[in-house]
Amino acid sequence: MIGLISATAAGAVAAQRLASAWPERTRVYEGPVRDAVGRAFGECEQVVCFLATGAVVRLIAPLLADKGTDPGVVCVDEGGRFAVSLVGGHAGGANALAVEVGEVLGAEPVVTTATDAVGVPGLDTLGMPVEGDVAGVSRALLDGEAVELDLELAWPLPALPPNVRRPAPDAPAERGGPAIVVTDRVPAGGRVGGPEETLGAGDARVVLRPPSLVVGVGASRGAPADEVLGLIESALRDAGLSPRSLAELATVDAKADEPGLVEAAARLGVPLVTHSAEELAAVEVPNPSDAPLAAVGTPSVAEAAALVGGGELLVPKRKSERADGRPAMATCAVVRRPARGRLAVVGLGPGARDLLTPRAKAELRRASVLVGLDQYVDQIRDLLRPGTRILESGLGAEEERARTAVAEARRGQAVALIGSGDAGVYAMASPALAEASDDIDVIGVPGVTAALAAAAILGAPLGHDHVSISLSDLHTPWEVIERRVRAAAEADIVVTFYNPRSRGRDWQLPKALAILAGHREPTTPVGVVRNASRPDGSHRLTTLAALDPATVDMMTVVTVGNTATREIAGRMVTPRGYRWQENPEGAE
């Protein structure tokens, strides 16, 4: 919950704007400001104060306890010009909140956290538990000091600055220097036990805990949660594994509602994932048993549930020990699941920076490797983090780029593969997904397509059924393209032509227009938009009979209306066909 506090009429108006935009996320605090701040600080995860920063500093100073638990606080000035991240930039989410507040209120977000200011990822913002000397290693990152990267697990990380280097495999380990360690093991000198887990004193390292461990659990009916938890904790401790890398508990479907397992998962803060007995029975395990086979239909629960997604069995099945000497009621096994690379297929939109989505920007900054067409890379180069490895190539190398992106993801990298418009529309998503298998995570990031950007400029030509057809026969035989154009013509569907004409392909557009002309009037509106949304963009509205194909090139999108499309006040409009348009008297 986000607490909203104001002291003036202008502040109250701005607070209400946020409350209206985020009704499920916000709570407006009334009354004396000091009391309101105190209540919000105790009840909310974040607070937005429409007050001067100095006043807020004095109000919250007595309330601050720990950066890991204090709410993130954002201040908005009286004129609504700035949204200042005051405290809790990373842990409290104030930096991200300042950006969100700025988007709603039209204010400039002010973030002074050093890593954010220079584009270096905060070590406590990577979505993994972190321990160690975060401040010291972050300072080394910012100062350009050599920082060692020890990837015991090849987990996909965002780009790190060039002064972060992996040592050669045969290089002797250096101690004492700043380092980032990615591991699920307890460090030498460390202690296991949730919040008590620490590095040794004076250790200039940061340890990131990836969610790499799956614990399979089996339990008799009525197994106490304390017995399940004790078994899991002892299994991890004896194997030298960190409970902070626990990703999930896994068991058989029949135990999905077992109270002890449900409570254990909740107390560990991880999901309880279940699998069918048939699925578990198909998993080869080292220690099958007749007891679970008779009880739930599979010779293994703990080991099979942990191994069902693949991985390395670190702790074979073990039973709980009860102080009263009665039979064990729980079993567990621990598996390290294989690290999965990450491939984000990102649509950059039609070219205008303000049509690049926030999600696309976030994925570009999340990536350590960027793969793309050279001219598209140039569009967003300034958005990349320092240290991002860029793999760019020219026109005609689409399949090569797709293979490269998938190969990098399979090496455990966080990869962004970029395309113009929407990456799934005549772009890189199709060849990439044709190469990818289920051994990597694939994230699709939609973008504004050229057809949509052009339509917004023309008016509303896509108000009813419409289709996009590429006239490029480099990858699709012309016979197939012609059949699709003819079908759209006969179906009276609005058509947007991509790749309409190039120097080497100058007859396809006239042929396609001739097919449409056989089914539509010469006066049918046609919109021609070149470089939609870009500063050098242009557009014009013409007709099917008047369009000169020679004025069209590969940077142009051509939209041909259907028999209902009209030019209204200089705009191209295809009506939805509502009943009231045909019969106003009988409108509902």
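Summary of the structure given here. (Residues numbered from 1 in each chain as written. Predicted model: local features only at pLDDT ≥ 70, side-chain atom pairs only at ≥ 80, totals over all residues. Heavy atoms only, no water.)

Here helix α1 (residues 9-21) crosses helix α4 (residues 94-105) at 100°, and the two axes come no closer than 10 Å. On the basis of the axis angle, α1 is roughly perpendicular to α4. Along its contact with α1, which presents Ala14, Arg17, Leu18 and Ala21, the element α4 presents Val101, Val104 and Leu105. Residue composition of the contact of α1 with α4, grouped by class: six nonpolar, no polar and one charged. (Axes fitted to C-alpha atoms, helices over the stretch in contact; angles between N-to-C directions. Helix = DSSP H or I, 4+ residues; strand = E, 2+ residues; numbered from the N terminus. Parallel < 35°, antiparallel > 145°, perpendicular 65-115°, else oblique. Contact = heavy atoms within 4.5 Å. Nonpolar A, V, L, I, M, F, W, Y, C, P; charged D, E, K, R; others polar.)

Quick look at the pairing of strand β2 (residues 26-29) now. Two strands pair when backbone bridges link them, and strand β1 (residues 2-6) and β2 are joined in this way by four bridges, in the parallel orientation. Directly across from Gly3, in β2, lies its bridge partner Arg27. In this fold, the crossover linking β1 to β2 by way of α1 has right-handed handedness. (Pairing = 2+ DSSP bridges. Right-handed = clockwise from strand over helix to strand, strands pointing away.)

Bringing the packing of helix α17 (residues 478-490) against helix α18 (residues 508-517) into the picture now. Taken N-terminus to C-terminus, the directions of α17 and α18 make an angle of 30°; their axes are 9 Å apart at the nearest point. Considering their axes alone, α17 and α18 lie roughly parallel with respect to each other. Helix-helix and strand crossings are classified by hand; for α17 and α18 the assignment is right-handed. Where α17 approaches α18, its residues Trp478, Glu482, Val485, Arg486 and Ala489 are matched on the opposing element by Gln508, Lys511, Ala512, Ile515 and Leu516. (Left-handed = near helix turned anticlockwise from the far one by under 90°.)

In this section: the pattern of salt bridges. In a structure, side chains of opposite charge can pair up when their charged atoms sit close to one another. Scanning the entire structure with this criterion turns up 22 salt bridges. Salt-bridge contacts for Asp77 lead to Arg81; the nearest nitrogen and oxygen are separated by 3.5 Å. The class for Arg81 is exposed, based on a relative accessible area of 54%. A salt bridge links Arg411 to Glu408, with the nearest nitrogen and oxygen atoms 2.9 Å apart. Because the salt bridges share partners, they merge into one network encompassing Glu131, Arg209 and Arg244. (Salt bridge = Lys/Arg side-chain N within 4 Å of Asp/Glu carboxyl O. Buried < 20%, exposed > 50% of the residue type's maximum accessible area, 1.4 Å probe, protein only.)

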